[in-house]
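# Remarks on the overall topology
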Amino acid sequence: QVQLVESGGGLVQAGGSLRLSCAASGLTFRRYAMGWFRQAPGKEPDFVASIIWSTGTTTYSDSVKGRFTISRDNAKNTVNLQMNSLKPEDTAVYYCATRPVGGQYDSWGQGTQVTVSS
């Protein structure tokens, strides 16, 4: 079964950077997309970015476009989210998720906390 483990969260000042990683197992990678979502307490997750494994095609939310970069590492079975120029509004629990190409997100990690201070 699919297992996702996020890492790299922490506390950073506004304008700083963090790099999140999602280690994945149990995937047929060429048939999946990987995504990052973020969630405030008591609210639904918001889409951040995604990448189609086989093609490298990326999609970003307007709020992070130009600041965040999603990438994949085939050798390590890992998806990364490089977050630059961080803002306090980026504070959230960040979750890694997967979906079949053409399908819905159906597997989720436990999340990693990102806190951006002014």
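Read on for an overview of the structure. Counting starts from 1 at the beginning of each chain's written sequence and moves along it residue by residue. The predicted nature of this model means local features are confined to residues of pLDDT at least 70 and side-chain atom pairs, given and counted, to a pLDDT of 80 or more, with totals for whole chains, interfaces and linings taken over all residues. Calculation of side-chain values draws on the structure's entire complement of heavy atoms; hydrogens and water are dropped beforehand.

### Concerning the overall build of the protein
Threshold: Helical segments are the DSSP runs of H or I of at least four residues, strand segments are the runs of E of at least two, and each set is numbered from the N terminus. With C-alpha atoms as the basis for the radius of gyration, the globule rule is written as 2.2 Å multiplied by the number of residues raised to the power 0.38. The cut-offs for exposure are 20% and 50% of the maximum accessible area for each residue type, with area from a 1.4 Å probe on protein chains only; residues under the lower value are buried, those over the upper are exposed, and the others partly exposed. Contacts between residues were defined by any pair of non-hydrogen atoms, one from each residue, lying within 4.5 Å.
Helix and strand counts for the protein come out as 0 helices and 11 strands. Across the protein, helices and strands are ordered from the amino to the carboxyl terminus as β-β-β-β-β-β-β-β-β-β-β. Whereas a compact globule of 118 residues would reach a radius of gyration of roughly 13 Å, the protein reaches 13 Å, a difference of no more than 12%. The principal-axis extents of the C-alpha atoms in the protein amount to approximately 40 × 30 × 25 Å. For the protein, with 118 residues in total, the buried portion stands at 40%. Look at the contacts in the protein between residues 6 or more apart in sequence, and 52% of them connect residues 24 or more apart.

### A word on the sheet that holds strand 7 (residues 68-73)
Adjacent strands of a sheet pair through backbone hydrogen bonds, lying either parallel or antiparallel. For clarity, the cut-off: In this description, strands pair whenever DSSP reports at least two bridges between them. Here the axes come from fitting lines to C-alpha atoms, over the contacting stretch only for helices, and the angles between their N-to-C directions go from 0 to 180 degrees.
The strand order 1-3-8-7 describes an open sheet built from 4 strands, whose pairing is antiparallel. At either end of the open sheet lies a strand with only one pairing partner, and these are strand 1 (3-7) and strand 7. Strand-to-strand twist in this sheet, taken as the mean axis angle between neighbours without regard to direction, amounts to 15 degrees. Pairing of strand 7 with strand 8 (residues 78-83) involves 6 bridges; the strand directions are antiparallel. Looking at the pairing, arginine 72 lines up with valine 79 of strand 8.

### Quick word on the side chain of threonine 112
Along the polypeptide, threonine 112 turns up in strand 11 (residues 112-117). Apart from the residues within four sequence positions on either side, threonine 112 is in contact with Glu6, Ser7, Gly8, Gly9, Leu20, Ala92, Val93 and Tyr94.

### Things to note about the pattern of salt bridges
Rule in force here: Between Lys or Arg on one side and Asp or Glu on the other, a salt bridge is scored when a side-chain nitrogen of the former is within 4 Å of a carboxyl oxygen of the latter.
Evaluation of the coordinates by the stated rule reveals 2 salt bridges. A salt bridge links aspartate 90 to arginine 38, with the nearest nitrogen and oxygen atoms 2.8 Å apart. One end of the pair, aspartate 90, is in the loop between strand 8 and strand 9 (92-100); the other, arginine 38, is in strand 4 (residues 32-39), and 52 residues separate them in sequence. Between arginine 67 and aspartate 90 there is a salt bridge, with its nearest N and O atoms 2.8 Å apart. Within this pair, whereas arginine 67 is found in the loop between strand 6 (58-60) and strand 7, its partner aspartate 90 is found in the loop between strand 8 and strand 9, the two being separated by 23 residues in sequence. A single burial state applies to arginine 67 and to aspartate 90, both of which are buried. Bridged by salt links that share partners, the residues Arg38, Arg67 and Asp90 form one connected network.

### Points about the environment of valine 64
With respect to the secondary-structure elements, valine 64 resides in the loop between strand 6 and strand 7. Once the C-alpha coordinates of valine 64 and aspartate 90 are considered, the two residues, 26 residues apart in sequence, prove to be 8.6 Å apart. The residues touching valine 64, leaving out its near neighbours within four places in the chain, are Arg38 and Val48.

Limitation: the analysis is restricted to geometry and does not speak to function.
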